Amino acid sequence: MSTMAQFFSNNYRHFNAASLVDASKGYVDHIKSGKKMMITLAGAMSTAELGVSLAEMIRQDKVQIISCTGANLEEDIMNLIAYNHYKRIPNYRDLSPEEEEELLAQGFNRVTDTCIPEETAFRKLQKYLFEEWSNAAKAGERLFPHDFLYRILRREDFAKEFETDAKNSWMMAACEKNLPIIVPGWEDSTTANIFASYCLTGELEPSLVKNGIEYMMFLAKWYPENCGDSGIGFFQIGGGIAGDFPICVVPMLNQDMEDDVPLWSYFCQISDSTTSYGSYSGAVPNEKITWGKLSSKTPRFIIESDATIVAPLIFQYVLEN
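Definitions and cut-offs
- Residues numbered from 1 in each chain as written.
- Predicted model: local features only at pLDDT ≥ 70, side-chain atom pairs only at ≥ 80, totals over all residues.
- Heavy atoms only, no water.
- Salt bridge = Lys/Arg side-chain N within 4 Å of Asp/Glu carboxyl O.
- Helix = DSSP H or I, 4+ residues; strand = E, 2+ residues; numbered from the N terminus.
- Buried < 20%, exposed > 50% of the residue type's maximum accessible area, 1.4 Å probe, protein only.
- Pairing = 2+ DSSP bridges.
- Right-handed = clockwise from strand over helix to strand, strands pointing away.
- Phe/Tyr/Trp six-rings, centres within 6.5 Å; stacked < 30°, edge-to-face > 60°.
- 1 Å grid on protein atoms, 1.4 Å probe; cavity = no way out; pocket = protein on both sides within 12 Å on 5 of 7 lines; lining within 4 Å.
- Points joined across faces, edges and corners; volume = space filled by probe spheres on them.

On to the pattern of salt bridges, then. Tallying each qualifying case throughout the model produces 12 salt bridges. The salt bridge involving Lys124 is made with Glu161; its shortest N-O contact spans 3.5 Å. Note that Lys124 is positioned in helix H6 (residues 118-138) and Glu161 in the loop between helix H8 (156-159) and helix H9 (170-177), a separation of 37 residues in sequence. Look at Lys124 and you get buried, because its relative accessible area is 18%. By relative accessible area, which is 22% here, Glu161 ends up partly exposed. Linking Arg151 and Glu141 is a salt bridge whose minimum nitrogen-to-oxygen distance equals 2.9 Å.

Here the focus is the pairing of strand S1 (residues 37-41). For S1, the tally of buried residues reaches five of five residues, placing the bulk of the element in the interior. By the alternation rule, side chains of S1 split into Met37, Ile39 and Leu41 and Met38 and Thr40, which are all buried. Sheet topology places S1 next to strand S7 (residues 233-237); five bridges connect them, and they run parallel. Each residue of the ladder has a partner; that of Met38, found in S7, is Phe234. Sheet analysis places S1 next to strand S2 (residues 65-68), joined by four bridges and oriented parallel. Its bridge partner being in S2, Ile39 is matched across the sheet by Ile66. Taken together, S1, helix H3 (residues 51-59) and S2 constitute a β-α-β crossover, and its handedness is right-handed.

According to the stated counting rule, one finds 19 aromatic pairs in the structure shown. Summarising the aromatic geometry, the rings of Tyr128 and Phe158 are spaced 4.8 Å apart at their centres and angled 80° between planes, so their arrangement reads as edge-to-face. Remark: Phe158 occurs in helix H8 and Tyr128 occurs in helix H6; sequence separation between them is 30 residues. Each member of the pair, Tyr128 together with Phe158, is buried. Aromatic pair Phe235 and Phe315: ring centres 5.9 Å apart, planes at 45°, arrangement tilted.

Here the focus is the layout of surface pockets. Estimates place the volume of the largest pocket at around 470 Å³. Around the largest pocket, the lining is made up of 23 residues, and of these Ala44, Met45, Ala48, Asp306 and Thr308 lie nearest the centre. Of all the elements in the fold, those that place two or more residues in the lining of the largest pocket are strand S8 (266-271) and helix H14 (307-320).

Structure representation (C-alpha cells):
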C-alpha cells in the first residue's frame with residue numbers, strides 16, 4: 001500500500017474526508033482503465049502554487065487536457081519569473097483600507113495572503129507578450145492565448161528570467177507536453193487587459209487572439225477524437241467558467257450537432273461554494289444529469305473543502321497509485 005493510501009485508510013474515513021478518498025480511488029481507476037482526464041482550474045490556483053503537484057501530474061500523463069481561467073494561465077508564469085519579489089501577508093484579514101492602498105502604492109496586487117509584484121511580474125511578462133503578439137501579427141498568424149505563452153516559455157532568453165525551479169510550473173510541464181489548454185473568458189485577465197490596451201492604441205488588432213467560440217470549436221473536435229467508447233473524466237477545481245464552459249461540449253455535440261458521443265465518464269468537484277438557488281458552482285453533480293453532461297451511472301464526487309488543501313492530496317495519491 002502506498003504512503004498516501006495508508007494515510008487515507010488510517011485517517012480519512014468519514015464525511016468530506018471519505019469523499020476525498022472515494023474521488024481519489026475513482027481517479028486512479030479511471031486512468032488505469034485507459035480513459036483520459038480533463039482538469040479545470042478556477043480561482044487563483046496558480047498563485048497558490050498548485051503547480052508544485054499539478055506539474056508532476058502532467059509529466060506522468062495523469063491529465064490530458066486543462067481548462068483554466070486567464071488568471072491561472074498567466075499567474076503560473078508570473079510566479080515563475082517574479083518568485084523572489086512576491087510578498088506574503090499572513091494577517092491579510094486585519095488590513096485596513098489605508099494599508100491596502102499602501103500595498104498598491106508599493107506596486108503590489110493582493111490575492112488573499114499573497115501579493116503579486118506589478119513590475120517584476122505583470123510588466124516583465126508584458127514585454128515578451130508584446131513581442132510575440134507583434135511577431136504573429138507581422139506573420140499574419142492568429143493563435144490561442146495559451147499558444148502565445150507556450151512560445152514565450154520556449155524562448156532561451158525568457159528562461160534567464162526564472163526565479164524558481166521550472167519543475168514547479170504546471171505551464172512549463174504543459175508546454176513540454178504540448179498539452180491542449182482551453183481558456184474560456186480569457187478576456188477577463190490582466191494579460192487580456194494589456195492586449196486590449198494595444199488594440200485601443202491601434203498597435204494590434206483584436207482578431208489576432210483566437211476567442212472563446214474558437215476554443216469551443218477546438219474542444220468539439222478534440223473530444224470525439226479522444227473519448228473512445230467510454231468518455232473522458234472531468235476533475236473540477238473550484239467553480240466558474242473554467243468548469244462551466246468545457247463541460248458543455250458534450251451536450252452541445254449530442255444535442256446541437258446531433259452527434260453521438262459518450263457523456264463525461266467521471267466527475268469530481270472540489271468546491272467551497274454552497275448549494276443555493278441557481279448556483280451552478282455549488283450545484284450537486286446530479287443536476288448535470290438533466291443537462292446531458294453526466295449519466296446516472298457516472299462516478300460522481302463532490303468535496304466541499306479548500307482546493308489548495310485537497311487537490312495536492314488527491315494528486316499525490318494518484319501519482320503513487
